[in-house]
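Below are the chains, spelled out letter by letter.
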Amino acid sequence: MQTKRAMILVSSDPESIRLGANDLIKSLNESLAAYGLQDEVDVSAIADIGRADIVPLVIVYPEATVYGPVKAADARYLVEEHLYKGRVATDLLAPPKQLSGHIGWLRSRKGYNPSEQRIVLERAGRIDPDSVEDYITNNGYEALGKALTEMTPLQVIETIEKSGLQGRGGAGFPAGRKWRFVRNAEGDKKYVICNADESEPGTFKDRIVLEGDPHLVIEAMALAAYAIGSDEGFIYIRGEYGVAYQRLEKAIQQAEEFGFLGQNIFGTDFNFKLHIHAGAGAYICGEETALIESLEGKRGEPRTRPPYPTTNGLWNKPTLVNNVETLSNIPAILRNGPEWYKSIGTPSSPGTKVYTIMGNVNFSGVIEVPMGITLREVINIYAKGMKPGSSFKMAQTGGSSGSIIPAALQDTPMDFESVRKAGVSLGSGALLICDQSVCIVDLVKVLLQFFRFESCGKCTPCRVGTQRAYEIIDRITQGQGSFEELEQLPELAAEMERASNCGLGQTASAPVRDMLKHFRTEVEAHIRLGVCPTGVCPMVAEEETAPA
Amino acid sequence: MINLKINGQDVQAPQGSTVLKAAEQAGINIPTLCDHKELTPYGGCRLCIVEVQGFRVPIASCTLPVSEGMVINTNSEVLQKSRKTILSMLFSERNHFCPFCQVSGGDCELQNAAYHEEMTYWPMQPGWNDFVVDTTHPYFILDNNRCILCRRCVRACAEITGNFTLSVAERGAASSIVADANVPLGESSCIKCGACVQVCPTGALIDRTSAYQGLLADVTEIKSVCVGCSVGCGITLQIRDNRIVKIEGDWDAPVNRGALCEHGRYDPMYEMRARITTPLMRKNGALEPVSWEEALSAVADKLKPLSGDPQNGVAAIASTRLPLETLNTFKELFGDGMKSGLVTSTEEGMTTQAVSALADKVGTFEGHLDTLKNADVVFCIGANIAKSHMVAGFMVKRARPFGIRIISIDPAEENEMDEIANISLKNKPGSDLALIEGLKAIIVDEGLGRTPLTIANPQQLIAEAVEKTGLDVESLSEAARGLAHGVSPVILYGKGLTAQRNPQLVEALLELATLVGAVDEERVGLLSLKGEANSQAAAQLQMESQFTLNGHKAVFAAIGDDYVSKKLVERVSVAPYLVVQAAYESELTAKADVVLPVTIWSEQEGHYINLDGRVQKAIRAIEAPAGVRDNQAVLAELAQKLNIPLSGDWQRASQARHSSVVLN
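Residues numbered from 1 in each chain as written. Chains lettered and ligands numbered in written order. Predicted model: local features only at pLDDT ≥ 70, side-chain atom pairs only at ≥ 80, totals over all residues.

## What to know about the overall build of chain A
On a plain count of helices and strands, chain A comes out with 22 helices and 13 strands. Here the C-alpha atoms of chain A give a radius of gyration of 24 Å, agreeing with the 24 Å that 2.2 N^0.38 yields for 548 residues. Taking the principal axes of its C-alpha atoms as reference, chain A extends roughly 75 × 60 × 45 Å. In chain A, which comprises 548 residues, the proportion classed as buried is 55%. Pairs at least 24 residues apart make up 72% of the contacts formed inside chain A by residues separated by at least 6 positions. (Helix = DSSP H or I, 4+ residues; strand = E, 2+ residues; numbered from the N terminus. Rg over C-alpha atoms; globule rule 2.2 N^0.38 Å. Buried ≥ 20, exposed ≤ 12 C-beta atoms within 10 Å, placed from the backbone. Contact = placed C-beta atoms within 7 Å.)

So, in structure tokens, the structure goes:
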């Protein structure tokens with residue numbers, strides 16, 4: 001193999017592609033040819049590294065210089081300066097106020113900030129997602145080989161149990177215990193499902209993994225299948241994730257060619273067949289039983305529980321459903337041992353959590369940090385502080401089913417136990433940081449608009465509750481609110497939480513509850529004074545629009 | 001049995017039971033809306049939520065399986081409040097203004113649930129989508145504005161009828177019940193059975209005929225038997241002011257468990273034929289009203305001299321829609337009394353003669369409709385059960401999601417089974433025997449049989465089958481294998497086969513059934529569909545011969561409320577003297593010399609033998625119009641005038657001969 005003297009990595013997530021990443025790669029290759037460097041320098045595509053603000057970005061190794069955003073027209077200049085003349089093309093460098101031009105973490109793997117620690121996103125953005133060789137060179141399939149040849153399925157489950165890994169889909173259920181349930185369930189056939197139907201607003205952590213490190217999910221699913229005694233798995237991926245779908249498809253094909261999937265994996269008698277299925281745009285299909293119904297070809301409606309999928313899942317067989325982020329922790333745990341994993345994060349919630357940050361802050365993107373970091377730290381350290389002139393008012397966590405965290409709670413450590421105690425939830429890990437210009441009523445209205453549209457309509461409390469709550473809040477924003485109706489909101493919210501069939505209905509009322517708990521005066525001002533303190537709400541009756 | 005505690009009371013329930021069922025059996029009432037005892041639990045309305053010790057939130061009891069040591073509370077203050085809130089949500093969701101609702105006959109379960117919770121108003125401001133009312137269906141109306149989205153109709157369409165027409169479109173508050181891919185009901189794949197209307201808890205699905213007919217409390221409910229066909233479904237008749245307001249499937253009936261088809265539910269409600277209410281006699285070429293005395297005396301006078309002459313006397317033909325008692329009297333009067341050589345039924349034994357002939361030889365050999373419940377393969381030959389015996393068809397159609405395989409063999413061009421069959425073969429007419437023998441030969445040849453059978457030269461039989469049926473050997477083999485691979489196959493055969501009047505065909509089919517294990521010591525998965533409601537009764541009374549007038553000088557036709565085929569009218573009406581006993585005007589009554597007006601199905605009482613031998617009693621539901629007499633009474637009176645004694649022992653008469661099915 002010929003050794004290259006340099007490597008150019010170009011981001012190729014959907015946003016980069018939209019902004020011309022493909023043309024950029026073409027121009028880079030042409031420019032290299034023009035300078036006769038085509039044999040010395042390689043151009044590769046990588047996935048999102050969590051810097052959506054500067055895409056398409058280009059990283060040139062071995063110096064690990066980050067340029068961005070780079071246009072196709074800049075390619076020739078960049079090649080000439082950096083690779084031909086050997087100096088940094090200063091005017092293309094990534095804006096230093098957001099990220100230093102030379103980001104050390106890419107080389108040292110230690111994170112650009114002392115406390116960022118990457119397990120789930122270990123390889124995403126660093127390897128070529130279309131190359132199984134890249135994955136293997138970076139410890140890929142090591143855990144699978146170790147488990148299959150050195151460990152019994154029960155030992156795998158014990159390792160996961162000892163690590164204390166909790167489900168990252170939102171509920172935080174201990175992953176090892178779930179695996180054991182499925183292992184112990186009676187059934188001639190068992191299934192593993194990866195829930196990649198990531199549809200929470202503002203959440204895109206799973207996409208980074210699927211696009212940047214698809215083999216990680218495959219390896220983790222094979223491990224899960226080995227542990228629970230399954231030989232078939234499904235990845236249920238969000239329909240809109242076209243790039244991720246293609247990469248997964250290719251990765252599955254490669255894994256089959258290399259013998260990581262299929263018959264007699266690693267020469268053992270373990271077989272595993274993996275399918276990939278794209279959803280059709282329903283938020284509810286991210287709920288595990290609705291996902292199963294959808295996989296079976298039925299209308300995506302959650303089932304009633306009990307019985308749980310662990311005993312009666314896909315086609316009524318015991319089924320393990322795990323979120324992408326949960327699964328992505330598995331290989332590292334098996335490689336490094338449960339003690340290593342427990343050393344990260346807090347005692348009650350070990351490991352890391354991937355957050356997607358957005359809102360009125362200086363840095364928007366993905367970070368992976370140990371459990372237990374506080375919201376204040378996230379804002380001030382990772383998000384580089386609030387935008388000039390902005391002060392922190394509240395954060396909305398976990399997409400829509402998370403909760404609204406007021407400034408007063410920003411020092412709560414973000415781990416499962418602490419947030420539960422504080423009466424809030426981490427949800428799926430999105431952090432929408434809002435400043436003083438955001439109206440709480442308007443925010444809740446937007447969230448409820450989403451829920452009433454995405455409720456499947458099966459059970460009364462969710463179907464009617466989201467609709468009624470939305471209407472009441474909508475009337476408040478139009479200056480038509482009344483205290484009588486405001487009094488109905490807690491009752492509606494309580495009933496949705498108590499009587500709904502699935503997680504959607506049970507958590508859909510959280511924004512209403514949080515709004516009344518932390519921002520009641522602001523809501524009452526809308527009704528009592530007829531004005532919106534932030535000036536966001538129209539406060540006049542709008543023309544009736546056609547129902548959604 | 002599982003032990004649990006509900007409201008402090010010790011309750012025992014079988015494994016697999018739900019908390020709701022366990023409570024019900026223990027006499028504890030839990031309100032529900034979306035649950036229905038004949039449908040799979042859905043857990044949508046959330047009215048039945050109960051508190052379970054150890055659970056964070058209340059759980060819907062309709063879907064919660066019982067488990068050992070469970071502690072349940074069904075009626076805490078919090079739950080009561082929950083129920084009211086949930087009902088308020090439902091009321092506020094769409095157009096439910098009960099005090100003004102004239103559609104409900106007091107049978108609106110939403111309204112009743114609110115009364116049960118002692119609600120007089122709901123506090124939420126309503127806001128709803130305006131749904132278009134679907135009035136395109138001939139029998140019922142779908143009004144999504146009154147729908148509570150319980151999905152009972154969707155489940156009934158799938159689980160009772162097996163038609164899968166109804167489903168839910170959109171989601172959330174915009175959800176609505178639609179037919180097929182959101183087409184108007186009248187243009188959809190609906191087969192008009194009305195199961196959805198029967199299960200609808202509100203007025204979202206209402207019969208055109210029964211809406212605005214007053215309160216349910218004011219109607220009398222009578223359980224009876226449908227006489228539409230030989231399936232013999234149990235029905236519940238709602239009677240008000242001597243008028244049928246509504247016909248519903250009887251949930252408790254063992255045959256149909258609440259299912260009913262278009263013909264059972266709606267045909268009687270849309271009866272358009274003109275009723276005859278006074279006896280008519282031909283005078284100077286035209287039919288004129290006369291008194292009963294005059295009519296019956298005239299008939300007696302005319303028939304008396306013909307008595308005792310089997311060939312040239314009176315020929316008698318009776319409808320298979322008449323009760324067993326009436327048919328027996330008919331047989332005693334004309335067969336035993338007047339010694340007529342031709343006493344038959346309007347079906348002329350088309351669906352039973354060949355079957356009875358084999359039963360005479362080998363005894364009872366047919367099974368029960370219930371075998372369909374566990375069938376994994378259904379083999380239909382010469383039968384269009386989806387059309388001719390719809391409810392039996394439902395039993396096959398609704399098993400499709402559970403993997404039942406359907407093999408349909410019928411030369412007829414149009415057969416509704418073709419659409420749903422996994423294997424559908426169209427053999428040449430008259431080639432059925434060769435086909436059955438061919439299938440047997442293939443099964444024996446490939447060693448797929450479950451009982452030993454030796455066939456000397458299977459290849460020759462297969463070649464013959466290919467030649468005579470016009471089907472290729474692959475298709476035949478596919479059907480043979482499909483049948484033989486069944487663990488519990490059922491063979492159904494119909495008019496297409498029996499009308500050939502060839503007992504050999506039925507015998508060959510019995511052999512096939514034995515070969516593939518459809519018939520063995522434990523179960524009998526072989527059944528002919530028979531024809532009308534009392535085909536089997538006519539068969540037991542040996543009223544199975546074909547009608548040919550020959551030298552008969554008079555014909556007595558007891559038609560009752562039946563339709564008469566054109567072909568039969570042609571053959572019967574050439575009689576020199578024709579007496580027609582009928583309820584409605586028809587071509588036959590127009591050609592009669594005397595017409596005797598009689599009762600229809602709902603105005604008379606009597607027994608029916610259904611296709612699998614169940615002897616069921618139909619109950620008189622309404623009074624006949626003035627001037628009309630009971631079918632049975634007219635025959636008895638005539639017998640009296642002719643001095644013919646009647647024993648009336650229909651039980652003995654119906655058992656005088658071996659039956660193909662077990663009578664009970």
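## Structural notes on the overall build of chain B
Looking only at helices and strands, one finds 22 helices and 26 strands in chain B. Projecting the C-alpha coordinates of chain B onto the three principal axes gives extents of approximately 85 × 70 × 50 Å. Looking at chain B as a whole, 53% of its 664 residues qualify as buried. The contacts of chain B with a sequence gap of at least 6 include a subset with a gap of at least 24, amounting to 70%.

## A short note on the packing of helix α9 (residues 205-212) of chain A against helix α11 (residues 242-258) of chain A
All names here are of chain A. At a minimum axis separation of 8 Å, α9 and α11 run at an interaxial angle of 40°. Between α9 and α11, the angle falls in the class oblique. Between α9 and α11 lies a crossing of left-handed hand. For the pair formed by α9 and α11, the contact residues are Arg207, Leu210 and Glu211 on the first element and Val243, Ala244, Arg247 and Leu248 on the second. (Axes fitted to C-alpha atoms, helices over the stretch in contact; angles between N-to-C directions. Parallel < 35°, antiparallel > 145°, perpendicular 65-115°, else oblique. Left-handed = near helix turned anticlockwise from the far one by under 90°.)

## Concerning helix α18 (residues 460-477) of chain A
All names here are of chain A. Taking 1.5 Å of rise per residue, the 18 residues of α18 would be expected to cover 26 Å, and the 25 Å separating its terminal C-alpha atoms lies within 8% of that figure. Of all 18 residues that make up α18, 15 are buried, and the element is covered over most of its length. Looking one or two residues beyond α18, the residue adopting positive phi is glycine 479, at roughly 75°. (Expected span 1.5 Å × (residues − 1).)

## Some details on the packing of helix α10 (residues 214-228) of chain A against α11(A)
Residues and elements named next belong to chain A. It is at 9 Å that the axes of α10 and α11 come closest, and there the two elements cross at 55°. Classified by the angle between their axes, α10 and α11 sit oblique to one another. α11 is crossed by α10, and the crossing has right-handed handedness. Together, Pro214, His215 and Ile218 of α10 and Arg247, Leu248, Ala251, Ile252 and Ala255 of α11 make up the contact between the two elements. Among the residues forming the contact of α10 with α11, the class breakdown is six nonpolar, one polar and one charged. (Nonpolar A, V, L, I, M, F, W, Y, C, P; charged D, E, K, R; others polar.)

## Observations concerning the pairing of strand β3 (residues 49-52) of chain B
Strand residues, when the strand is regular, have side chains that alternate between the two faces of the sheet. Residue and element names in this part refer to chain B. As paired elements, β3 and strand β4 (residues 59-60) share two bridges and run antiparallel to each other. Along β4, the bridge assignment pairs valine 50 with isoleucine 59. In textbook terms, the turn of a hairpin is the stretch between consecutive antiparallel strands, and for β3 and β4 this stretch comprises six residues, one of which, glycine 54, has a positive phi near 100°. Pairing of β3 with strand β5 (residues 70-73) involves two bridges; the strand directions are antiparallel. Bridge pairing in β5 places valine 52 opposite isoleucine 72. (Pairing = 2+ DSSP bridges.)

## What about the environment of A:Asp435?
All names here are of chain A. Among the structural elements, aspartate 435 can be located in strand β13 (residues 430-435). When the 17 C-beta atoms within 10 Å are taken as the criterion, aspartate 435 is described as partly exposed. A C-alpha to C-alpha distance of 42 Å links aspartate 435 and tryptophan 179, two positions 256 residues apart in sequence. Apart from the residues lying within four places of it in its own chain, the contact partners of aspartate 435 are Asn360, Met386, Ser390, Ser391, Phe392 and Lys393.

## Here we look at the interface of chain A and chain B
Between chain A and chain B, the residue contacts involve 28 residues of the former and 29 residues of the latter. Among the secondary structure elements, those contributing two or more residues to the side of chain A that touches chain B are α17 (440-454), α18 and α19 (483-499) of chain A. Class assignment for the residues of the side of chain A that touches chain B results in nine nonpolar, nine polar and 10 charged.

## Remarks on the sheet that holds β13(A)
Residues and elements named next belong to chain A. In space, the five strands of this open sheet follow the order β10-β9-β13-β11-β12, with mixed pairing throughout. Strands with a single pairing partner mark the edges of an open sheet, and in this sheet they are β10 (365-370) and β12 (404-406). Each strand axis lies, on average, 30° off the axis of its neighbour in the sheet, ignoring direction. Direction of pairing for strand β11 (residues 392-397) relative to β13: antiparallel, over a ladder of five bridges. Following the sheet pairing, phenylalanine 392 is matched in β13 by aspartate 435.

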